[in-house]
Amino acid sequence: MTEDKKISMAVVRRLPRYYRYLGELLQKGVGKISSRELSEKMNVTASQIRQDLNNFGGFGQQGYGYNVEYLYNEIGKILGLHQNYKMIIVGVGNLGQAIANSNSFSKRGFKLVGLFDVNPKLIGMSIHGVEVMDVDCMEQFVKENGVDIAILTMPKTRVKETAENLAKWGIKGLWNFSPVDLIVPDTVQIENVHLSHSLMTLAYMINEAEEEREKKNKSE
Ligand code: NAI
């Protein structure tokens, strides 16, 4: 990757999908793939794939295609997946427990090291060997263990204060599920995840498709 070239977030957001497909190909023992084959599998145009990958020097050879393992590893490095991340979950209710119970993150190097809540009924409980601790212990835990990422699955009324504290304690990233737009110092990166936004987009697509069908029916 060239130092002076900033990759657009639109490209970055497509990389995890390339990474997943390439990982699947690797598991099937596929050694190389052309941008055309990759485009057919992923339902993205071949030129889009070439353009995206050219951002990082291409990785492909004319007439040969892409070396799947090399491309997979390089995209992993670009995404920062060659290193491990220590994560905590703040708010161990329905969503927090669902995330804690998923083992798909640890496979990618995201290690869950702590769970925090205010509810005495949850404190002391353990999920996959990780204990739920009182939020009062969170500052010490984050500092002592060098926690990288906090997953925020707590009520929205308390999330701003928690995010500000976590930023002060040296957290690098917040994976925010609460429906609040957080403002934190630029030492902290935020990725918001809102399933309802995705659902609303789906509703738009359904309605758009129905309108298209109606228009087509009328014109026939
Ligand atoms: P929940 O009520 O089951 O869990 C919230 C947990 O946070 C409880 O265990 C509670 O004791 C704990 N908590 C309360 N104050 C706290 C504090 N100061 N520090 C640490 N923990 C604290 O709620 P649920 O359904 O798990 O939702 C959690 C959050 O995630 C809510 O903000 C909700 O709006 C959001 N959410 C977001 C979704 C998304 O797609 N982004 C989907 C579903 C929920």
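Parameters at a glance
Residues numbered from 1 in each chain as written. Predicted model: local features only at pLDDT ≥ 70, side-chain atom pairs only at ≥ 80, totals over all residues. Heavy atoms only, no water. Helix = DSSP H or I, 4+ residues; strand = E, 2+ residues; numbered from the N terminus. Buried < 20%, exposed > 50% of the residue type's maximum accessible area, 1.4 Å probe, protein only. Contact = heavy atoms within 4.5 Å. Areas by Shrake-Rupley, 256 points an atom, 1.4 Å probe, with all protein chains shown as cover. Lys, Arg positive; Asp, Glu negative; His and termini not counted. Charge placed at Lys NZ, Arg CZ, Asp CG, Glu CD. Pairing = 2+ DSSP bridges. Right-handed = clockwise from strand over helix to strand, strands pointing away. Domains from an automatic or database assignment. Near = heavy atom within 4 Å. Polar contact = N/O pair within 3.5 Å; in protein donor to acceptor, adjacent residues only side chain to side chain. Nonpolar A, V, L, I, M, F, W, Y, C, P; charged D, E, K, R; others polar.

Let us look at the overall build of the protein chain. Regarding its fold elements, the protein chain presents eight helices and ten strands. Projected onto its principal axes, the C-alpha positions of the protein chain cover 60 × 50 × 35 Å. Across the 220 residues that make up the protein chain, the buried fraction comes to 37%. Taking the intrachain contacts of the protein chain between residues at least 6 apart in sequence as the baseline, contacts between residues at least 24 apart amount to 56%. Carbon and sulfur atoms form 51% of the exposed surface of the protein chain, whose accessible area is close to 14100 Å². Side chains of the protein chain carry 27 positive and 26 negative charges; the gap between the two charge centres is 5 Å.

Attention now moves to the pairing of strand 4 (residues 85–90). Counting buried positions over the six residues of strand 4 gives five, a clear majority of the element. Here strand 4 runs beside strand 5 (residues 110–117); their pairing, made up of six bridges, is parallel. Bridge pairing in strand 5 links Met87 to Leu112. Each parallel crossover has a hand, and the one from strand 4 via helix 5 (residues 94–101) to strand 5 is right-handed. Summarising the sheet, strand 4 and strand 8 (residues 149–152) pair through four bridges and their orientation is parallel. Each bridged residue has a counterpart across the sheet, and for Ile89 the counterpart in strand 8 is Ile151.

Turning next to the pairing of strand 7 (residues 130–134). Across three bridges, strand 5 lies against strand 7 in parallel orientation. Within strand 7, the residue paired with Leu115 across the bridge is Val132. With two bridges joining them, strand 6 (residues 126–127) and strand 7 adopt antiparallel strand pairing. In the strand pairing of strand 7, Ser126 is matched with Glu131. The antiparallel hairpin formed by strand 6 and strand 7 contains two residues in its connecting segment, where His128 sits at a positive phi of about 45 degrees.

The next thing to look at is the domain arrangement of the protein chain. Its domain assignment divides the protein chain into domain 1 (9–78) and domain 2 (85–195). The C-alpha-based centres of domain 1 and domain 2 are spaced at 32 Å.

With that out of the way, let us pick up unusual backbone geometry. Positioned with a positive phi, Asn43 is a non-glycine residue whose angle comes to about 60 degrees. Inspection of the secondary structure assignment puts Asn43 in the loop between helix 2 (35–42) and helix 3 (46–54). The exposed category is assigned to Asn43, whose relative accessible area is 72%.

Leu95, Asp117, Met154, Val193 and Leu195 are the nearest of the 22 residues found near the ligand. Contact distances for the ligand include 2.9 Å between a nitrogen atom and a backbone N or O atom of Phe177. The contact in question runs from a nitrogen atom of the ligand to an N or O atom on the backbone of Val193, over 2.5 Å. Relative to its unbound accessible area of 850 Å², the ligand is 73% covered by the protein chains. Breaking the shell around the ligand down by element, the ones donating at least two residues are helix 5 and helix 7 (156–168). For the shell around the ligand, the residue count by class is twelve nonpolar, seven polar and three charged.

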